[in-house]
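Chain by chain, the residues run as shown.
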Amino acid sequence: MIWIQRFLLIALALYLLLVLLAYIFQRSLLYFPPDFYNPPHDWMVEIEAADGSMAWWAAPARETAPVILVFHGNASAIDSNMLIFRDLHAQGYGVMSIGYPGYPGNAGKPTQSALTSAAISQRDWVLAQGVSADRIVLYGTSLGSGVAAQVAADQQPGLIILDAPFQSTLAIAKQTMRFLPVGILMKDRYRSDRALTELDMPLIWIHGRKDRVIPLASGQALYDGYGGPKSAHILENGEHHNGWLMGGREIVLTTLAKLEAD
């Protein structure tokens, strides 16, 4: 019986060590910033917000045109949605690519607080250019959907578009790391479900049915829990990184045209 007790004690010690390591290095397991930076093309410029964070900016062609703040996903960078920027810019819309601390082009370390604060500062820079809040559109993909939801909670925009969103990173972690007490350990939870609770701006949900990174069910749960005006768009051939090409482009541009017309 002694060897059984020793085995159990060793197993417990190893498990506690695993829990400790997961707690210490959790942000390295959550954030995957690339290690290279590409400068913007000549029709976008780098701007520095009041907090020192950097974003990319292209002014709208019309005073009535919406301004879209694009929040990129994890393992991506500020330049990762260049095709989206080009298509939006070609329609005369204002475009800002939100920069994250700890990601290419921005100093600091990525945390929920840091990403949210920087994004709010960059949003405030747009407001200072004379753009009204009802002309601002938040467009978040993957991790960026969580940041966009936090920014919306700070000040409601005219529209929010969420591509491959989740209820929270906590919910995702509970599904993928069931052997760890993530409800106790996790710091950056990105509770999009809570952030959107009191809001009533129009919400567009886009999700690929073949998404293997953020399951469709996670986006569905967030969508179902939202009480404001909303519309859902399931891309039958959409995966995690190709929503824009699999039908997202048409959905977004049609929605923006209606927003400006109203």
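Structure shown above.
Being a predicted model, the structure only gives us computed values, none of them experimental.

## So, unusual backbone geometry
Argument step 1. At alanine 164, a residue that is not glycine, the phi angle is positive and equals roughly 55°.
Argument step 2. Relative to the elements of secondary structure, alanine 164 occurs in the loop between β6 (159-163) and α6 (169-176).
Argument step 3. One non-glycine residue, tyrosine 190, lies in positive phi territory at about 40°.
Argument step 4. By secondary structure assignment, the location of tyrosine 190 is in the loop between α7 (182-185) and α8 (192-195).

## Considering the nonpolar core
Argument step 1. Judged by nonpolar contacts, the single largest core of 41 residues is most densely connected at Leu69, Phe71, Leu138, Ile160 and Leu196.
Argument step 2. Looking at this core, the elements that each hand over two or more residues are β2 (54-58), β3 (67-71), α4 (112-128), β5 (136-141), α5 (143-154), β6, β7 (203-208) and α9 (216-225).
Argument step 3. Of the residues forming this core, the biggest block, six residues, is contributed by α5.
Argument step 4. Ignoring anything within four residues of it in the chain, the contact list for isoleucine 160 reads Leu138, Ala148, Ala149, Ala152, Leu196, Met201, Pro202, Leu203 and Ile204.

## What about the packing of helix α3 (residues 82-90) against helix α10 (residues 244-261)?
Argument step 1. The interhelical angle for the contact between α3 and α10, taken along N-to-C directions, is 30°, at an axis separation of 11 Å. In the packing of α3 onto α10, the handedness of the crossing is right-handed. Listed contacts from α10 to Leu83, Ile84, Asp87 and Leu88 of α3 are Trp244, Leu245, Arg249, Val252, Leu253 and Leu256.
Argument step 2. Among the residues forming the contact of α3 with α10, the class breakdown is eight nonpolar, no polar and two charged.

The rules behind these values
- Residues numbered from 1 in each chain as written.
- Predicted model: local features only at pLDDT ≥ 70, side-chain atom pairs only at ≥ 80, totals over all residues.
- Heavy atoms only, no water.
- Helix = DSSP H or I, 4+ residues; strand = E, 2+ residues; numbered from the N terminus.
- Core = buried A, V, L, I, M, F, W, Y, C linked by side-chain atoms within 4.5 Å.
- Buried < 20%, exposed > 50% of the residue type's maximum accessible area, 1.4 Å probe, protein only.
- Contact = heavy atoms within 4.5 Å.
- Axes fitted to C-alpha atoms, helices over the stretch in contact; angles between N-to-C directions.
- Left-handed = near helix turned anticlockwise from the far one by under 90°.
- Nonpolar A, V, L, I, M, F, W, Y, C, P; charged D, E, K, R; others polar.

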